[in-house]
Amino acid sequence: MANKKKLILDVDTGIDDAIGILLAVKSKRFDMLGITTVCGNVSVEAATLNTCKVLELVEAEEIPVIKGAVTPLLRAPHYEHRVHGEDGIGGALKDARPKKTADEGFAPDFIIDQVLKYPKQVTLVLTGPLTNLALAVKKCPELIHHVKEVIFMGGVVQGQGNVTPVAEFNTYADPEAAKLVLEAGFPSLTQVGLDVTRQVLLTDERINAIQNETLASYIRESTSIYRQRYFERNGVWACAMHDPLAVSLAIDKQLVNTQAFHVEVETKSEFCDGQMICDFQHQWGKDRNLQVCMDVDAEGFFDLMIKVLNS
Ligand code: BDR
Ligand code: CA
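The rules we used
- Residues numbered from 1 in each chain as written.
- Chains lettered and ligands numbered in written order.
- Predicted model: local features only at pLDDT ≥ 70, side-chain atom pairs only at ≥ 80, totals over all residues.
- Heavy atoms only, no water.
- Helix = DSSP H or I, 4+ residues; strand = E, 2+ residues; numbered from the N terminus.
- Rg over C-alpha atoms; globule rule 2.2 N^0.38 Å.
- Buried < 20%, exposed > 50% of the residue type's maximum accessible area, 1.4 Å probe, protein only.
- Contact = heavy atoms within 4.5 Å.
- Areas by Shrake-Rupley, 256 points an atom, 1.4 Å probe, with all protein chains shown as cover.
- Lys, Arg positive; Asp, Glu negative; His and termini not counted.
- Charge placed at Lys NZ, Arg CZ, Asp CG, Glu CD.
- Donors = N, O, S within 2.8 Å, 3.2 Å for Na, K, Ca; no water.
- Near = heavy atom within 4 Å.
- Polar contact = N/O pair within 3.5 Å; in protein donor to acceptor, adjacent residues only side chain to side chain.
- Nonpolar A, V, L, I, M, F, W, Y, C, P; charged D, E, K, R; others polar.
- UniProt positions renumbered as here; feature names shortened; annotations may be inferred.
- Pairing = 2+ DSSP bridges.
- Axes fitted to C-alpha atoms, helices over the stretch in contact; angles between N-to-C directions.
- Parallel < 35°, antiparallel > 145°, perpendicular 65-115°, else oblique.
- Left-handed = near helix turned anticlockwise from the far one by under 90°.

Draft legend 1. Main features of the overall build of the protein. Of the regular secondary structure elements, the protein holds 13 helices and twelve strands. In summary, the protein has a C-alpha radius of gyration of 18 Å against a globular reference of 19 Å for 311 residues, a match within 12%. Across the 311 residues that make up the protein, the buried fraction comes to 58%. Across the protein, every contact between residues at least 6 apart in sequence was considered, and the portion connecting residues at least 24 apart equals 82%. Per element, the accessible surface of the protein, about 13,000 Å² overall, is 49% carbon and sulfur. Charge separation in the protein, taken as the distance between the mean sites of 31 positive and 42 negative side-chain charges, equals 3 Å.

Draft legend 2. Spotlight on the coordination of the calcium ion (ligand 2). At 2.2 to 2.6 Å from the calcium ion (ligand 2) lie its protein donor atoms, namely Asp12 (OD), Asp17 (OD), Asp17 (OD), Thr127 (O) and Asp243 (OD). If you list the donors of the calcium ion (ligand 2) from N- to C-terminus, the spacing comes out as D-x4-D-x109-T-x115-D. Of the two residues, Asp17 sits in helix α1 (residues 15-27) while Asp243 sits in helix α12 (residues 242-251), which places them 226 residues apart along the sequence. The exposure classification of Asp17 matches that of Asp243, with both residues buried.

Draft legend 3. Just the site of ligand 1, in detail. Inspection of the region around ligand 1 gives Asp16, Asp17, Asn41, His84, Thr127, Met153, Asn162, Glu168, Phe169, Asn170, His242 and Asp243 as its neighbouring residues. Between ligand 1 and His84 there is a distance of 2.8 Å, counted from an oxygen atom to a side-chain nitrogen or oxygen. Between ligand 1 and Asp243 there is a distance of 2.7 Å, counted from an oxygen atom to a side-chain nitrogen or oxygen. Protein chains shield 97% of the accessible area of ligand 1, which is 280 Å² for the free molecule. Taken together, the elements giving at least two residues each to the shell around ligand 1 come down to α1, α6 (169-173) and α12. Residues of the shell around ligand 1, tallied by class, amount to two nonpolar, six polar and four charged.

Draft legend 4. Molecular detail of the side chain of Asp31. Counting through the fold element by element, Asp31 comes out in strand β2 (residues 30-37). Judged by relative accessible area, which is 12%, Asp31 ranks as buried. Those residues in contact with Asp31 that sit more than four places away from it in its chain are Met1, Lys4, Lys5, Lys6 and Leu7.

Draft legend 5. Quick peek at the UniProt feature "domain: Inosine/uridine-preferring nucleoside hydrolase" (unreviewed entry) in the protein. If you check UniProt for "domain: Inosine/uridine-preferring nucleoside hydrolase" (unreviewed entry), the listed places come out as residues 7-303 in our numbering. Between the first and last C-alpha atoms of residues 7-303 the distance is 22 Å; the span itself is 37% helix and 19% strand.

Draft legend 6. Main features of the sheet that holds β2. With mixed pairing, the eight strands of this open sheet are ordered in space as β3-β2-β1-β4-β5-β6-β12-β9. Looking at which strands have only one partner, the edges of the open sheet turn out to be β3 (65-67) and β9 (256-261). Strand after strand, the sheet turns through a mean of 25 degrees between neighbouring axes, direction not considered. For strand β5 (residues 149-153) and strand β6 (residues 189-192), the ladder comprises four bridges, and the chain directions are parallel. Note on β6: the bridge partner recorded for Val150 is Leu189. Docked against the sheet, helix α4 (residues 107-117) engages β1 (5-11), β2, β3 and β4 (122-126), running at close to 155 degrees with respect to β2.

Draft legend 7. Representation of the packing of α4 against helix α5 (residues 131-139). One can describe the packing of α4 onto α5 by two numbers: an axis separation of 8 Å at closest approach and a directional angle of 60 degrees. In terms of axis orientation, α4 runs oblique to α5. Taken as a pair, α4 and α5 cross one another with a handedness that is right-handed. Of α5, the residues touching α4 (which contributes Ala107, Pro108, Asp109, Ile111 and Ile112) are Asn132, Leu135, Ala136 and Lys139. Split by residue class, the contact of α4 with α5 holds six nonpolar, one polar and two charged.

Here it is, written out as structure tokens:
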């Protein structure tokens, strides 16, 4: 474990969160301190169950799973069963009865404890609403100085939203949490938004390149509903690897180009809650609080993902 990056993954598992977990575990690049779960695509209970199922699929039951927030900071949950299916992972492991269950504890406290235990060594990758991290920062504001880096999937700065015309799901589901995290002052905070995740499309051809039969058939089945939704909207059989792209940056930052900007999250609007507003021209003159992913090497990402899953 000595040379491995210490990682906490925070997930709302989620079809693509699940693939992000597979990528993190199979890459063998991380000392996985734990996987924390949050209310998002599905309830925190379902996200936890799905996480346990996925860990058993890759025989990684030893990784702790810690349950987190049951609701967003102030709002009612907004589940996405239409996109992620009844169970949240497209029904692919519906008959699995995992022995693994959640460990003791509450995700925000677990994040605080681990970060303080390993100062400046822990990478946090978050692929759901930012509720757990927001609660951790509220309880322990000095946390920001002890985390190595934070990478999150959420928001969109140039394109359209995927839940409303302007908002991406994770920032829409808990805009107050996203705002709090962006304003917290993390020295290294990277946003992986729809602007880049929409460019990493998992096609049939790419699934067929996965030679590990267990993983290939799991991914084919679990993404079937996801690809169907994408086809209905865009006329192409594929689905975006939003969350796996965020995980991949903890392995190789060169897959994207980032630029620092001051970014705000809207929380008080009739039509625009959850929207990210990026001050591209520095018109507000405020400190740059976010590294925004501007371009992605999609081929490079899939080369990495398929190589890892085949290993
Ligand atoms: C994000 O929302 C969820 O549907 C996905 O898991 C991803 O984290 C994309 O907007
Ligand atoms: Ca997610």
